[in-house]
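# Chain and residue survey
Okay, here's what each chain looks like letter by letter:
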Amino acid sequence: MEKVINLLYDIEEKANRIISRTDDQKNAKRREIDHELSVFENSLAEETNKQIQALQDQADKELELERKALIDDCEKQIEELETTFTMNHDALVERVFQNIIGA
């Protein structure tokens, strides 16, 4: 009977050691997975920020080109108006005068 109790005691000790090792391995694996997940999240965030910055830079360049095109167009229209005014100054003044006097 004592022999059976000793065997059962040994079995229980071995089972406890196995469970303890399994818990240690599980905790080590959890730490490893947490670390890998953290590295992945940081990498993903960095890559996302790079892509966002690239898109922002592209949008800024496109807006700058559009702004320059609008400025050029406005300057061209101003030049055309000045040229028209210079060439037709007398006729324009006469039309305004005629409109004022009701003719």
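Let us look at the structure shown here. Remember, it's a predicted structure, so these values are computed and weren't measured experimentally.

Attention now moves to the overall build of the protein chain. Helices and strands together make up the secondary structure of the protein chain, namely two helices and zero strands. In terms of C-alpha radius of gyration, the protein chain reaches 43 Å, well past the compact-globule figure of 13 Å for 103 residues. On the principal axes, the C-alpha backbone points of the protein chain span a range of 135 × 25 × 10 Å. Across the 103 residues in the protein chain, those meeting the buried criterion constitute 0%. Element-wise, carbon and sulfur atoms account for 58% of the exposed surface of the protein chain, whose accessible area totals about 9,800 Å². Side-chain charges of the protein chain comprise 14 positive and 25 negative groups, with the mean position of each set lying 15 Å from the other.

As a further point, take a nonpolar patch on the surface. A cluster of nonpolar side chains, Val96, Phe97, Ile100 and Ile101, forms an exposed patch at the surface whose accessible area comes to about 420 Å². Tracing the chain through its elements places Phe97 in helix α2 (residues 89-101).

Under the defined criterion, the tally for this structure stands at three salt bridges. Among the salt bridges present, the one from Glu32 reaches Lys29, with a minimum N-O distance of 3.8 Å. Here Glu32 and its partner Lys29 are both found in helix α1 (residues 2-87), three residues apart, which amounts to about one turn of the helix. Residue class for Glu32 comes out partly exposed when judged on its relative accessible area of 38%. Among the residues examined, Lys29 registers a relative accessible area of 44% and is labelled partly exposed. The residue Glu46 makes a salt bridge to Lys50 at a minimum N-O spacing of 3.6 Å.

Moving on, we come to the environment of Ile5. Assignment of secondary structure puts Ile5 in helix α1. For Ile5, a relative accessible area of 48% translates into the label partly exposed. Separated by 20 residues in the primary sequence, Ile5 and Gln25 place their C-alpha atoms 30 Å from one another.

Helix length check: α2 (13 residues) gives 18 Å between terminal C-alpha atoms against 18 Å at 1.5 Å per residue, within 8%. Note on α2: the residue one or two positions beyond its end, Gly102, has a positive phi of about 85 degrees.

Together, Asp72, Asp73, Glu75, Glu79, Glu80 and Glu82 make up a region of like negative charge exposed at the surface. Looking at where Glu79 falls in the secondary structure, it is placed in helix α1.

Cut-offs used in this document
Residues numbered from 1 in each chain as written. Predicted model: local features only at pLDDT ≥ 70, side-chain atom pairs only at ≥ 80, totals over all residues. Heavy atoms only, no water. Helix = DSSP H or I, 4+ residues; strand = E, 2+ residues; numbered from the N terminus. Rg over C-alpha atoms; globule rule 2.2 N^0.38 Å. Buried < 20%, exposed > 50% of the residue type's maximum accessible area, 1.4 Å probe, protein only. Areas by Shrake-Rupley, 256 points an atom, 1.4 Å probe, with all protein chains shown as cover. Lys, Arg positive; Asp, Glu negative; His and termini not counted. Charge placed at Lys NZ, Arg CZ, Asp CG, Glu CD. Patch = residues over 30% accessible without salt bridge, like charges linked within 9 Å, V, L, I, M, F, W, Y side chains within 5 Å. Salt bridge = Lys/Arg side-chain N within 4 Å of Asp/Glu carboxyl O. Expected span 1.5 Å × (residues − 1).

These values are about where atoms sit, not about what they do.
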